[in-house]
Amino acid sequence: MSTKGYPDYGAESHSTQCKALCLKIIQVLVRVLLFSIVATCAVLSKLSLISLVSRLNKTIDDIHRASDSEATLHNRAAGFFWQLLFIILIPQFVTFFRTLLFGVCGKQSRLFPWPTPKAIVVGAVASVFEVVAMTTVVFYVLPRLHSIVAILALGGVFGAQAILDCLEWCPCCVRKGYHKVHNTNGNINFNEKEDQTNCLTEDCAEGRSGAWNKFSRIIAMFLQFVSVILLNIYASLLQSGPKDQFLVGCAMTLSLLSLSVVWSSKVQQESQKMAKMTQSSNVTHIRSANTNEKNQKPNVINEKEPILPTARFKANFINAILRIILYPFISYVIFRYVFTNGSIDPWCLHQSCSLSKSFQWKGQELTIFLIQILSSFFGYTFMWISCTMVLHRWGLALPLYLCTPISFAVCAIFQAHQDSSSFYFSKAYSDPVALGVAVVAGAMLWIGQILTMGVFVWKKKNLILAKDAAMFLTPCYDGVFLEQHTMLNRKVERREMWHETITPTFVDNNDESRPRTIFICSTMYMEDREEMRRLLSSIYQLACHCKEKKNDDHFESHIFLDSGANVTELTYFALQLFSLFEETLHVDALHLESKAFQRINTPYGIQLSWEVAEAMPIYVHLKDSAKVKKKKRWSQVMYMNYVLNFRVKENIRNLRNWGVQGERQRATAPYNKESRMDDDNTFILTTDADIQFTPESATVLLDILDSDPQVGAVCARTHPQGSGPLYWYQVFDYAIGHWFQKSAEDILGTVLCCPGCFSVFRCNALRSVLDTYSTEVTSASEFLTKDMGEDRWLCTLLVENGWKLKYCAISENYTNCPETFNEFFKQRRRWISSTIANLSLLITQASRFTKQNENVSIIFVLFQGILVFSTAISPATVILVIASGFSSAFIVSHSSILAIIIILSFLSIAYGIFCLYGNHLHQLDMAKFASVLFAITMGVVFVGNFKNLLYDFITFGKHYLPCSINATSEMCTSQNKAEFLFPITFPNMYLVLFTVLFISSGLFHLNEFSCLFYGVWYFLALPSGYLILLIYSIANLDDRSWGTREGSTGALQGGGFEKIKCLLLNVWQKAQSCFKLGVQKQNTVEENKQPAPSYDAATALSDYTDGREQQPLADFTDEAVSTKYSNVVNEAAFRLTVKLREWLNNNDILPEYAEILEQHGYFNLSFIAGLNIEDFEAMGLKDRGHVLRLERCAQKLAPFNFAIDQTCLGLCDVGTWLNSLELQGYQQLFEAAGYKTRDDMENLKGLKRMDLQKMGIYKRAHLQRLLEGISKLTYLTEDEMRVHQTRSMLEKVPDTDNNDECLYWAEMLDVGKPLRPLAASFKSESELKKGMRSLRNISLVLLLLINMTWIILLYTLQFPKLQKFNLPTKAFEILFLAVYGFIVTVQFCTMIVHRGFTLIHYLAHIDSKLSM
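Residues numbered from 1 in each chain as written. Predicted model: local features only at pLDDT ≥ 70, side-chain atom pairs only at ≥ 80, totals over all residues. Heavy atoms only, no water.

1. As for the overall build of the protein
Along the protein, the regular secondary structure elements total 54 helices and 14 strands. The burial tally for the protein puts 56% of its 1412 residues in the buried class. When contacts within the protein are restricted to residue pairs at least 6 apart in sequence, long-range pairs at least 24 apart make up 81% of them. Counting every atom, the protein has about 59600 Å² of accessible surface; 63% of that belongs to carbon and sulfur. (Helix = DSSP H or I, 4+ residues; strand = E, 2+ residues; numbered from the N terminus. Buried < 20%, exposed > 50% of the residue type's maximum accessible area, 1.4 Å probe, protein only. Contact = heavy atoms within 4.5 Å. Areas by Shrake-Rupley, 256 points an atom, 1.4 Å probe, with all protein chains shown as cover.)

2. Comments concerning the sheet that holds strand β2 (residues 554–561)
By definition, the strands of a sheet pair up through backbone hydrogen bonds, in either a parallel or an antiparallel sense. Strand order across the open sheet formed by 10 strands is β5-β6-β7-β2-β1-β8-β11-β10-β12-β9, with mixed pairing between neighbours. Two strands bound the open sheet, and with one partner strand each, they are β5 (598–602) and β9 (692–693). (Pairing = 2+ DSSP bridges.)

3. Re the nonpolar core
Looking at soluble globular proteins, one finds that nonpolar side chains tend to be buried together. Grouped together as the largest cluster of nonpolar side chains are 90 residues, with contacts concentrated most on Leu56, Leu84, Met134, Phe139, Leu259, Val480 and Phe481. The element best represented in this core is helix α1 (residues 14–65), accounting for 11 residues. Setting aside residues no more than four positions away along its own chain, phenylalanine 139 makes contact with Phe81, Leu84, Leu85, Ile88, Ser331, Ile334, Phe335 and Phe339. Core analysis: the next-biggest nonpolar cluster, separate from the first, contains 67 residues, Phe732, Ala780, Phe783 and Ile879 among them. (Core = buried A, V, L, I, M, F, W, Y, C linked by side-chain atoms within 4.5 Å.)

4. Looking at the pattern of salt bridges
One pass over the structure, following the stated rule, counts 26 salt bridges. Ionic pairing is found between lysine 632 and aspartate 791, a salt bridge with its closest N-O pair at 3.2 Å. Pair noted here: lysine 632 is in helix α21 (residues 632–654) and aspartate 791 is in helix α27 (residues 790–800), with a separation of 159 residues, a long-range link. Of the two residues, lysine 632 and aspartate 791, both sit in the buried class. One salt bridge connects arginine 1336 with aspartate 1038, and the closest N-O pair in it is separated by 3.3 Å. Of this pair, arginine 1336 sits in helix α53 (residues 1322–1356) while aspartate 1038 sits in the loop between α37 (1022–1035) and α38 (1056–1082), and the two are 298 residues apart along the sequence. Side by side, arginine 1336 and aspartate 1038 carry an identical accessibility label, which is buried. (Salt bridge = Lys/Arg side-chain N within 4 Å of Asp/Glu carboxyl O.)

5. Describing empty space enclosed by the protein
Scanning the entire structure with this criterion turns up 14 cavities of 30 Å³ or more. Approximately 170 Å³ is the volume attributed to the second largest cavity. What lines the second largest cavity is a set of 19 residues, and nearest its centre among them are Glu130, Gln268, Asn316, Arg323 and Thr474. Elements with a minimum of two residues in the lining of the second largest cavity: α3 (117–144), α9 (265–270) and α11 (312–339). (1 Å grid on protein atoms, 1.4 Å probe; cavity = no way out; pocket = protein on both sides within 12 Å on 5 of 7 lines; lining within 4 Å. Points joined across faces, edges and corners; volume = space filled by probe spheres on them.)

6. Considerations on the confidence of the model for the protein
Low pLDDT marks regions whose predicted coordinates should not be analysed in detail. Summing up the model confidence of the protein, the mean pLDDT is 76 and the portion of residues at 70 or higher is 72%. In this model residues 1–7 is a low-confidence stretch, pLDDT under 50, and it forms 12 contacts with partners more than four residues away in sequence or in other chains. In this model residues 495–513 is a low-confidence stretch, pLDDT under 50, and it forms 64 contacts with partners more than four residues away in sequence or in other chains. (pLDDT = per-residue confidence, 0-100.)

7. A word on the state of the cysteines
Counted by the stated rule, this structure contains 0 disulfides. Here cysteine 763 stays unpaired: no disulfide links it, and the sulfur of cysteine 521, its closest cysteine neighbor, is 8.4 Å away. (Disulfide = S-S within 2.5 Å.)

8. Description of the packing of helix α2 (residues 71–104) against α11
Contact geometry of α2 with α11 gives a least axis separation of 8 Å together with a crossing angle of 170 degrees. Taken together, α2 and α11 sit at an angle that is classed as roughly antiparallel. The residue inventory of the contact of α2 with α11, partitioned by class, reads 19 nonpolar, 6 polar and 3 charged. (Axes fitted to C-alpha atoms, helices over the stretch in contact; angles between N-to-C directions. Parallel < 35°, antiparallel > 145°, perpendicular 65-115°, else oblique. Nonpolar A, V, L, I, M, F, W, Y, C, P; charged D, E, K, R; others polar.)

9. As for unusual backbone geometry
Residue lysine 631 is not a glycine yet carries a positive backbone phi of 85 degrees. Turning to its location among the elements, lysine 631 is positioned in the loop between β7 (616–623) and α21. Phi at glutamate 1222 is positive, roughly 65 degrees, even though this residue is not glycine. Along the chain, the position of glutamate 1222 falls in the loop between α47 (1214–1220) and α48 (1227–1232).

10. A few points about the environment of valine 248
Take valine 248: it is sitting in helix α8 (residues 242–262). Taking C-alpha positions, valine 248 is 9.9 Å from leucine 231, a pair spaced 17 residues apart along the chain.

11. Re the environment of serine 51
Tracing the backbone through its elements, the reader meets serine 51 in helix α1. With relative accessibility at 0%, the residue serine 51 sits in the buried group.

12. Let's talk about the packing of aromatic side chains
Applying the stated criterion across every chain, the model contains 46 aromatic pairs. Pairing phenylalanine 96 with phenylalanine 97 gives two aromatic rings, centres 5.1 Å apart and planes at 70 degrees, and the pair type is edge-to-face. Residue phenylalanine 96 is classed as buried on the basis of its relative accessible area of 19%. Measuring from centroid to centroid gives 4.9 Å for phenylalanine 693 and phenylalanine 758, while their planes differ by 40 degrees, and the two rings are tilted. Taken together, the positions of phenylalanine 693 in strand β9 and phenylalanine 758 in strand β11 (residues 758–762) put the pair 65 residues apart, joining distant regions of the chain. Aromatic rings pair up to connect Tyr729, Phe732, Phe740, Phe821, Phe824, Phe825, Phe994, Phe998, Tyr1018, Tyr1026 and Tyr1032 into one cluster. Here the basic side chain of lysine 629 rests over the ring of tryptophan 634, its NZ or CZ set 4.0 Å away from the ring centre. (Phe/Tyr/Trp six-rings, centres within 6.5 Å; stacked < 30°, edge-to-face > 60°. Lys NZ or Arg CZ within 6 Å of the ring centre and 35° of its normal.)

13. Notes on helix α32 (residues 894–917)
Over its 24 residues, α32 runs 35 Å from end to end, which matches the ideal 34 Å to within 8%, given 1.5 Å per residue. Three or more residues of α32 are buried, namely His894, Ile897, Ile901, Leu904, Ser905, Ser908, Tyr911, Gly912 and Cys915. (Expected span 1.5 Å × (residues − 1).)

14. Examining the side chain of glutamine 864
Mapped onto the secondary structure, glutamine 864 falls in helix α30 (residues 858–872). What glutamine 864 contacts, discounting residues up to four positions off in sequence, is Gln741, Glu745, Leu752, Leu839, Leu842 and Ile843.

15. Observations concerning the pairing of β2
Of all 8 residues making up β2, 8 are buried, and the element is well covered by its neighbours. A two-sided burial pattern is seen for β2, the buried positions comprising His554, Glu556, His558 and Phe560 on one face and Phe555, Ser557, Ile559 and Leu561 on the other. Crossover connection from strand β1 (residues 517–524) via helix α18 (residues 529–549) to parallel β2: handedness right-handed. Across 5 bridges, β2 lies against β7 in parallel orientation. Residue pairing in the sheet places serine 557 in a bridge with isoleucine 618 of β7. (Right-handed = clockwise from strand over helix to strand, strands pointing away.)

16. Side note on helix α52 (residues 1299–1308)
Among the residues of α52, Glu1301, Tyr1304, Trp1305 and Met1308 are the ones counted as buried. The arc enclosing the buried residues of α52, seen along the axis, measures out at 90 degrees, which places them on a common side. Turned more than 90 degrees from where α52 packs its buried face, Asn1299 and Leu1303 sit exposed. (Arc of directions from axis to C-beta.)

17. A word on the side chain of arginine 529
Along the polypeptide, arginine 529 turns up in helix α18. Overall, arginine 529 belongs to the buried group, its relative accessible area being 10%. Separated by 3.2 Å, the side chains of arginine 529 and serine 579 make a polar contact. (Polar contact = N/O pair within 3.5 Å; in protein donor to acceptor, adjacent residues only side chain to side chain.)

18. A few points about the pairing of strand β8 (residues 682–688)
Taken across its 7 residues, β8 has 7 buried, putting it largely inside the fold. Along β8, one buried face is formed by Thr682, Ile684, Thr686 and Asp688 and the opposite face, lined by Phe683, Leu685 and Thr687, is buried too. Sheet topology places β1 next to β8; 7 bridges connect them, and they run parallel. Residue pairing for β8: isoleucine 518 is matched across the bridge by phenylalanine 683.

19. With respect to the environment of phenylalanine 481
Summarising the element assignment, phenylalanine 481 is placed in the loop between α15 (468–471) and α16 (482–489). Spatially, the C-alpha atoms of phenylalanine 481 and leucine 154 are 6.9 Å apart, while their sequence positions differ by 327 residues. In this structure phenylalanine 481 touches Met134, Val137, Leu154, Val157, Leu256, Leu259, Trp263 and Thr486, once residues within four positions along its chain are discounted.

Below is the structure:
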C-alpha cells in the first residue's frame, strides 16, 4: 500500500502469491460444489421418480391380488397418480409463469415476437405427441419395467437427434453450412482471399478428424436403435402374458422415439420461428437499425441488419398452456383404461370414491414426492447457474454423464437393503438373462447418449453471464427426463463443434472469431504528479495483461489533456505527464528514434504516441484551448467522434500490422476486418486522470456487455482515497450509494448514471446519442443537465434511447476524493444540481422514457420520484431529527421543541439569504462554522437517542411513557398516568432499522465491512451534508464554474457584499496610487541614486502574496511612467503572439477597449487569460455587459503555464527568464538594476511590487506576471529535472505528417462544428444568466415551501390535543417510518439479489482467470 492507502497493483509480494493460492482453492471448491449439487439433484430426481412408479406398480399388484377391492389401496393408487401428474405438470407451470411474466405480460415482452402460424401448428402437434408419449412412459411403461431397467431406459430419447446428426454429415455441405451459419447468425462475410484460407483450414481439420467424427455419429445412431431392440427383447422375456409383452415393448419404443423427435433441435427451432415484428413493437430498432433518428445518416461502420430476438418465450407460452390442458385428460385415460384396465378411477367420479382421500399423503410417500419436485427444480437451476459461470463441464456435462451410472449403482444398493431404505424399488429379477439383456441395452443407450449429445455439451461454451436464450433452446425443464431433456435442450451448433470452432453468435470471451476493440479514453486537466502516475501505472498493467493473455482483443489508450498545448509548445502539465512515462509505462519518452514514437501537429493541438509493453499503443492528445473547446464534456465529445468516426476506420486498415518498428504482426487466425470493427464489439473505457484500476476490473465489465446486446454501458464500484474528515464522510457515502442506490437501480430497471471516472460504453450506444450530446446549452435547465453533470446527462440520453445500463460490483477502481471543505462543497454542488435536473427530466417525461425503454417502468419512475422528494425534504428532516434528539436528551416541553425548530429554521433561511449575496469564500467559511456546530449538536442527538433507546429496551413490555418528541415534561414525570405504549419509540425504531440494515449490508460486503466504521462520523455530518450543502447548492445554481481545479469563473461574483467590497477596494487603490505618484515626483533624483531597493511600512499592504485567489492589483496611470521606462523598455518586444486587437475583433468586442488594455500591458492573449470581472473593472472598464463578455472570453483562453525554466533557479540567466515570461523588453531595466547572470536569479526572490515600480515597471499585466514568476522561483527538484529534460528533448522532435488524421480534425473543427470554440452572442449569454438566476430563485422558494410544510405537518400531528379529533398522535411518525422504511427495505432486498448475481459473476471470473 502507498502512503495514502492506494493499492499497489504492480508489486509482486507474498500476499499476492497467497491470494493466487486462495483463488485456486476457491476455484476447486466451486467446481466440486457445483458438481456435487447437480449430480445429487439429478440422481435424487431420477431415483425418487423410479421409487414412486415402483410403489404405484406394487399397489396395483396388491389390488389385483386382493380378493375384494379395498378403498385404501384404491386411494393410495390414486394418490400416486396425482403425485406423478404433479411431477409432470409443475415444470409446465414454471414455464407458463416464466414466459408469462417475461415474454407476454412483462414490459420487455415488446422485444419478443409471436411465432408464425406454421410454428404454432408445429408446436401444437409436438405438444400433443409429447403429452401422449410422456404419460405413456410415466403411467404405463416405467411401472412395468424393473427399477434398474427403468433407469437405463430413460436414456432412449436420443434416437431422432442421432439420425439428424448423421443426415447433416457431408464434408462439402459442412463447409458451405459453416459459412452460411456465420453469415446468418454471426454476421461475418469473408472476402475471397480469407475464404480460401478458411477452406484450407477446414480441409486440414476434416482430414485429421473427419473420419472419426463420421464414424462416431454412425455408432451413436446404431447404439440407440440396437438398444431399443434389446429392450423389446427384454420386454418379451417378462413374466406376463403375450398381450402385455407386445404392448409394453411397442409403447416403450414409440414413446421414446416420439420424445426424441419432439425434443430434437430441428423441431424446437421450427416451433419457435418468429413472425415479422412491426416497427412499433420492435423496440430494438432504436439500438440496432444503425440510423440516426434526427439526420437519417446511416452507420457506415456497421451495416448489418438488426438481430431480432426469437419467439421462444411466446411460443413456449402457447405450448405450455396446451400441455397443461392436455396432461390431466391424457393421463387419466392412460392410467385408468390402459394401465389399470378401468379398475381405478383417480378422479373419483363415482360417488363411492372420495377425491380428498387421494391427497392424504404422508410419511415416505410425501417425502419422496417433495424430493423429486425440489431436486428437479434446483438441479435445473444450478445447471443454469453453471452455464452462466462457464462451468458447464463441472455443473452440467460431467454430472449428467455420471447420473445414470450413479443411479444404477444406488438402485442396486437399495435393492440389497430394501427393508432399511426409504426408497422402494422393485425386487431383484429371478431371470438373470432378461436382466442382463436390459442392462446391456441400457449401457448402449448411455454410450449413445454420450456420443450424440455429450460431446457437444462438453465442448459448448457461452459468454459469462450469458442470457438463457444463448444457452438453451427453450425456457423450460422436464421433471421426468431431467438429464436427457437438459442435454437436448442445450443450445449448440454441431457442425462447428466437429471442427472445434464456436458459432460467433455465442462465443467465449477469449475466442478469436469475434475479437473486441477497447479504447481507453482518459480526460486530464491539471492533475498532480501522483494522480498521473496512478493512471499510467494502471494502463501499463493492462498492457502487460494483454501481452500475457495473447488474445486477439485490441486495446488502445487515449489521453486528452485540456490546455496541454499552447500553439506548438507543450505546457507544464503535458511535460509532467511525459516525464512519468519511463517510470510508469517503462517507455523511454526520450528515446525518440523509435518508429513507435510519433508527434503530429493537429488542428486541435499536438498528438504524441508511443507503444506500451509491445502490446498497447498510447496516444496523448494535447488540446489547445484557442483551437478546441475545453472542459470535460467537450473532451468526451472529442474522443467519441474520434473513436467512432476515425479510429474504427483506421484500425480496419492498420490493426494487423502495428508495433515496434513494424515488426510485430497481429495476423493470427483469419478474421474479417469489416465485421471485426463494428460498433457492437467496439467499446470505450472512460477514465478520469486520477483513477487506479486493475486489468481484471476492466475485463469483467466487458463480460456484461458481451452477454447482453441491450446493455449500453456498465459502471464499476468506485472507492474514494484520501485522508481526513472529508475522506471519512465520503467512504461511507460512496459505500451506501453503491450498496443501495446502484444495486436498486440495476435490479429494478436501469442504472441512471455510469460515471466517466471508470465505465465502459458500447460504441453502438454512443453513436445513437452523440449528436444530441454535442449540442450547446440554450437554457438554464439545459446548463444544469449538460454542463454541470455531463456523465449523468449522457446516461440519461442512453436510457432515453432504449439502452440498459448496468452496475458491476466486482470491478473496482480507486479515485482521489476532495480532502478540503471548499473543494468538496463545490464538487457536490455540481453533482446535486445535475442529479436533480436529470431525475426531474426522467420524471416529467416518464411517458416517453417508459415507451422507448423497456427497462424503465412507471413503478421505477415513481421510486425515483420518492427519492427526489426525500432529498428535497432532507433539511426539514435534519431539523426534526435534531429537535427530537434534544427532546430525548433533555426533558423539554413542546414549546421548547418548537423554539428549537424555529431557531434552526431561521438559521437555515438566513444562510440561504447569505448565499444569495455573499462571496463564495464567505459562504464556504460560514458553512464550515455551521458544520462544526451541527456536528457537536448531532453528538448530543446521538447521546439522547442512545439513552432513549436504552430506556426502551430496559422497560420493554412495561407500562411507561418515553421521553421523546411526543411527551412533555409533565407526561414524563407523572408516573401515575402511565399507560402501555409501543415497546420502542418510532425515532428509535427508525434508528434501529437503519443500523440493522447497514450491518446486514456490510455482512454481504465483507471486503468493505470497514466502511461501516465511518458511519458514526457520517451521522455527525448529516446536517452538513443534507442541510447546509443542499441550501448552498440550490442558492448557487447560477454558478457556472466547475468548482475543482479552477477558480470561480462563471458565477456573478456579486451581490450587495461584493459590490461594497469592490467599491472600497477601488477607493483604496486610487488613494494609494495618488500618494505614490506624489512621492515619486518629489523624490525622483533620490530614487535614481539608490543602489538597492528599500522597504518601508507603507508598502506592506501592496506586497504580493502568493495564493490561489488574488485581489485585483493596483493600477497606475500613464503619468507614472517615467522617462527612464520610455527610453529603455522595448514595447515592441511584448507584441510577439496573437495581437490583442485581432482577438477583440474575433469575439465581437468593442475595439476601443484595446487601447485601454494595452495601456495596462495586455498586449497578447497570455496576459489576458484568466482575468475576471474585478480585473477589468479595476482597469476602468465600467460597462458591465462588455465586461462580462470579456471575462467569458478570457476564461476560455489557455492559462499561462510557467515552465521549468521560469521557476527553477540555476537553469537560466535573467534575460532568458524574462524572455520565457514574454517580458524580454525589460531586460535592460533588470541589468541596470544589477540582475543579469544565473547567480543573480536567486536575488530576485526578495523583490516586491514597490521594488519593481522603482525599477520603472508600472504596467498592471507586467507587474502581475513578474510577481507571479518571482513567487514561483525555487530550486530544481528531481521530478522537475525530468520535466526539464523531457521538454528539451521533445522540442527537437520533428513533426510527422498524417494527412488523414489532420484532414479529419480540420473537418471536425470547421465553422459550425460543435468542437469549434465560438464566442456566444451577448444576448444569449445574458438570457442564460437571467434564466439561471430565475431558476435559482424558483428552486429556493420551492425548497423553502416544501420543507416548511413538512415541518409544520410533522410537528402539528405530534400534539396530543389532536386526540379529540380521533387522530393518533403518532400518525405521521408511522407514515414517516413506513415511507422511508419501505424505500430502504426495497433497496436492501434488491441489494441481496444483486449480490447473488455478483457472486455468480465473481466465481465465473475466478475460474476464467485461472483457466486462461
